[in-house]
Amino acid sequence: GAVVSQHPSRVICKSGTSVKIECRSLDFQATTMFWYRQFPKQSLMLMATSNEGSKATYEQGVEKDKFLINHASLTLSTLTVTSAHPEDSSFYICSARPGRSGEKLFFGSGTQLSVL
Amino acid sequence: QKEVEQNSGPLSVPEGAIASLNCTYSDRVSQSFFWYRQYSGKSPELIMSIYSNGDKEDGRFTAQLNKASQYVSLLIRDSQPSDSATYLCAVRAGANNLFFGTGTRLTVIP
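Here's what I pulled together on the structure shown here. All residue numbers here refer to positions counted from 1 along the written sequence of the relevant chain. Here every chain gets a letter starting at A, and every ligand a number starting at 1, in the order they are written. Confidence filtering applies because this is a predicted model: local features only for residues at pLDDT of at least 70, side-chain atom pairs given and counted only at 80 or more, and all residues used for totals across whole chains, interfaces and linings. Excluding hydrogens and water, the side-chain figures rest on all heavy atoms present in the structure.

**A few points about the overall build of chain A**
And then number 1: Looking only at helices and strands, chain A has zero helices and 11 strands in total.
And then number 2: N-terminal to C-terminal, the α/β element order of chain A is β-β-β-β-β-β-β-β-β-β-β.
And then number 3: On C-alpha atoms alone, chain A measures out to a radius of gyration of 13 Å, which is about the 13 Å that the 2.2 N^0.38 rule sets for 116 residues.
And then number 4: Taking the principal axes of its C-alpha atoms as reference, chain A extends roughly 40 × 25 × 20 Å.
And then number 5: By residue count, 50% of the 116 residues in chain A fall in the buried class.
And then number 6: Between two residues, a contact is recorded if the distance between any of their heavy atoms is within 4.5 Å. In chain A, 54% of the contacts between residues at least 6 apart in sequence involve partners at least 24 apart.
And then number 7: Residue-level accessible areas treat just the shown protein chains as cover; the underlying method is Shrake-Rupley with a 1.4 Å probe. Accessible surface, chain A: about 5,700 Å² in total, of which carbon and sulfur atoms supply 51%.
And then number 8: Note on charges: Lys and Arg go in the positive column, Asp and Glu in the negative column, and His and the chain ends are not counted at all. Just so you know, the charge point we use is NZ for Lys, CZ for Arg, CG for Asp and CD for Glu. Computed over 12 positive and 9 negative side-chain charges, the separation of the two mean positions in chain A equals 3 Å. Helix numbering and strand numbering both begin at the N terminus, where a helix is a DSSP run of H or I of at least 4 residues and a strand a DSSP run of E of at least 2. The reference for a compact globule is 2.2 Å times residues^0.38; the radius of gyration itself is calculated from the C-alpha atoms. The buried label applies to any residue whose accessible area, calculated with a 1.4 Å probe on protein chains only, is under 20% of its type's maximum; exposed applies above 50%, and partly exposed to all values in between.

In structure tokens, the structure reads:
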């Protein structure tokens, strides 16, 4: 099956620093990737839809200047949490879908961000 | 975001029993429905998808969809301890967005 690689798997950083998370589709091209956030015991919440070669589409309530998304190629999307604060501590997961109309969504392994 | 609701559980069933997981959704134009399994600290993995009314069976898993009632369920037959996980219901209404329920935590007791 398709593989989505996400790293780092875990990051601990000081408040005010920026953290970059990478999401790669290893064996397929993904014109669209998705970024989710999951707080403990809560649902996956869609943050933004990342489109290759164009600006990301952010969900309501997600600050685009704080969560910078870059989808520079068909196999790589990055999420940068700028000036991270303790309330940004969460589990971040990316996903990608092969092709434009495929239904299956493949997830990365997630990144646990802890901001001290 | 669209509402997708699940009982948070925990749901406990003995090994070998049938586990029944339920999900309701609010958006009538929803077209695609998915069940994901998520082990603690891991990312979700797709186990079933269903698009039309009725039942869809895959091994020990059966998904049931009733669009009139806006209800989708997952049955796990012959439950095994390895099935213990959180099961997430997800619904897609448009081309891209996928909305998740809060998940139901299932524990299969040996």
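Read on, since the account is not over.
**Considerations on the overall build of chain B**
And then number 1: For chain B, the helix and strand inventory stands at zero helices and 11 strands.
And then number 2: Starting at the N terminus, the α and β elements of chain B follow one another as β-β-β-β-β-β-β-β-β-β-β.
And then number 3: The C-alpha radius of gyration of chain B comes to 13 Å, within 12% of the 13 Å expected for a compact globule of 110 residues.
And then number 4: Overall size of chain B, expressed as C-alpha extent along the three principal axes, is 40 × 30 × 20 Å.
And then number 5: For chain B, with 110 residues in total, the buried portion stands at 45%.
And then number 6: For chain B, the computed accessible surface area is about 5,100 Å², with 48% contributed by carbon and sulfur atoms.
And then number 7: In chain B, 10 side chains carry a positive charge and 10 a negative one; their mean positions are 5 Å apart.

**Concerning the interface of chain B and chain A**
And then number 1: Listed by partner, the interface residues are 21 residues for chain B and 21 residues for chain A.
And then number 2: Buried surface at the junction of chain B and chain A, both sides included, amounts to about 1,600 Å², of which 49% is carbon and sulfur.
And then number 3: The rule for a salt bridge is simple: a side-chain nitrogen of Lys or Arg has to be within 4 Å of a carboxyl oxygen of Asp or Glu. Counting the contacts that link chain B with chain A gives zero salt bridges.
And then number 4: Polar contact is the term for a pair of N or O atoms within 3.5 Å; when the atoms are in protein, one must be able to donate a hydrogen and the other to accept it, and sequence-neighboring residues count only if both atoms are side-chain atoms. The interface formed by chain B and chain A holds two residue pairs in polar contact (both at pLDDT 80 or more) in total.
And then number 5: Those elements giving two or more residues to the side of chain B that touches chain A turn out to be β4 (32-38), β9 (85-92) and β10 (98-100) of chain B. In short, buried area is how much 1.4 Å probe accessible area vanishes from two parts on joining, totalled over both.

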